[in-house]
Amino acid sequence: MTTYHYVEIEELQVFYRKAGNPDKPVILLLHGFPSASHMFRDLMPELENDYYLIAPDFPGFGHSSSPDRDNFQYTFDQITEIMEAFMNQLRITKYALYVFDYGAPIGFRLAMRHPEKVTAIISQNGNVYREGLGQKWAAREEYWRNPTQEKRDSYRTAFAPDTIKNQYVDGTKENQVSPDGYTLDIAYMSRPGNDEKQLDLIFDYQTNVKMYPEFQKYLQQYQPPLLAAWGKNDSSFIPDGAKAFKKDLPNADIHLLDTGHFALETHAKEIGELMLRFFDKNGI
């Protein structure tokens, strides 16, 4: 069964959920925007008999601390620092990475820092290639080149209720997505002061795109087993991002699923089955 915990990391309370036997191989599940570890609520029961699952909330997300911007830099480097300290605190030295959306650049930073710790990578719409960037990213890159206050303010629509709901339901069949996930994310994103923190991360996302060649070099050098289980109807991270893994990992296992960005909302069982077969094939 899944249980729920907090641990103090650098004066922050980091919330995490865990399931399975600590003596089994570890999977670190890293969520994306605008969500939190609850996005794994349907996946964890599919894997808990065979693996030890750990799913934290990033600072500023979910139930983890959301410090003021004066006291915490909302950057992907800073969140990675907290996640590295979190895993050290739990004394986890080997793990497979499940990365989605924001979790991808955080997970790949962790992998680059300590390649010896990573047993495998599961990328579910977790992009590290320019080929995977949908049309909206052209406007974001223009914003990064010319960052005006007006352009920054325009991205407040990213955490408007309708935008969040659409992230969940776009690309899915009618009536397949429960409202639970996006309703909770809308509540998280509407907390006072959260807008500026999230705008900081949207601006800092440019560092991830700049690091794509480094992430790819990591893949080329270390050849980790990789499964891409990708919602092929995702307009943010399009399926070419999944296919691109083959450039650096010829043996990558690529599966395009008939769903959208939040593929676990409709395909948790299927993704769980793909992961079990993938781990068995790779002796994990």
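The structure under discussion appears in the preceding block.
Residues numbered from 1 in each chain as written. Predicted model: local features only at pLDDT ≥ 70, side-chain atom pairs only at ≥ 80, totals over all residues. Heavy atoms only, no water.

Details of the nonpolar core
Item 1. Judged by nonpolar contacts, the single largest core of 94 residues is most densely connected at I27, Y98, F245 and M275.
Item 2. If you tally residues by element for this core, the top one is helix 8 (residues 194–222), at ten residues.
Item 3. Among all residues touching Y98, those that are not within four sequence positions of it are I27, L28, L29, L30, F40, L43, I122, Q124, L264, I271 and M275. (Core = buried A, V, L, I, M, F, W, Y, C linked by side-chain atoms within 4.5 Å. Buried < 20%, exposed > 50% of the residue type's maximum accessible area, 1.4 Å probe, protein only. Helix = DSSP H or I, 4+ residues; strand = E, 2+ residues; numbered from the N terminus. Contact = heavy atoms within 4.5 Å.)

Observations regarding the packing of helix 2 (residues 76–89) against helix 3 (residues 103–113)
Item 1. Remark: helix 2 packs on helix 3, axes separated minimally by 9 Å, with the N-to-C direction vectors making an angle of 60 degrees. In this view, helix 2 runs oblique relative to helix 3, as classed from their interaxial angle. Crossing of helix 2 over helix 3 shows right-handed handedness. Contacts between helix 2 and helix 3 involve F76, D77, I79, T80, E81, M83 and E84 on the former and, on the latter, P105, I106, R109, L110 and R113. (Axes fitted to C-alpha atoms, helices over the stretch in contact; angles between N-to-C directions. Parallel < 35°, antiparallel > 145°, perpendicular 65-115°, else oblique. Left-handed = near helix turned anticlockwise from the far one by under 90°.)

Regarding the pairing of strand 3 (residues 26–30)
Item 1. With respect to burial, strand 3 is a largely interior element, five of its five residues being buried.
Item 2. Going residue by residue along strand 3, you find V26, L28 and L30 tucked away on one face and I27 and L29 tucked away on the opposite face as well.
Item 3. Pairing analysis gives three bridges linking strand 3 to strand 4 (residues 52–56), with the strands arranged parallel. Paired with I27 across the two strands is L53, which belongs to strand 4. (Pairing = 2+ DSSP bridges.)

Here's the deal with helix 11 (residues 264–281)
Item 1. Taking 1.5 Å as the rise per residue, helix 11 with 18 residues should run 26 Å; its terminal C-alpha atoms sit only 22 Å apart, a clear shortfall.
Item 2. Bending of helix 11 peaks at approximately 40 degrees at the position of E270.
Item 3. Looking only at helix 11, the buried set comprises L264, E265, T266, H267, A268, I271, G272, L274, M275, F278 and F279.
Item 4. Count one or two residues on from helix 11 and you reach G283, which has phi positive near 65 degrees. (Expected span 1.5 Å × (residues − 1). Bend = angle between axes of the 7 residues up to and from the residue.)

Observations regarding the pattern of salt bridges
Item 1. Taken as a whole and assessed by the stated rule, the structure comprises 18 salt bridges.
Item 2. Across the pair R130 and E141 runs a salt bridge whose closest N-O atoms are separated by 3.0 Å. Highlighted residues: R130 in the loop between strand 6 (118–123) and helix 4 (136–145) and E141 in helix 4, separated in sequence by eleven residues.
Item 3. Looking at E141, the relative accessible area reads 18%, which means it is buried.
Item 4. E196 is the partner of R156 in a salt bridge, and the nearest nitrogen-oxygen pair spans 2.5 Å. Linking R156 in the loop between helix 5 (149–154) and helix 6 (161–169) with E196 in helix 8, this pair joins segments that are 40 residues apart in sequence.
Item 5. Residue classification places E196 among the partly exposed residues on the basis of a relative accessible area of 22%.
Item 6. The network of salt bridges with shared partners includes R69, R152, D153, R156, D195, E196 and D200. (Salt bridge = Lys/Arg side-chain N within 4 Å of Asp/Glu carboxyl O.)

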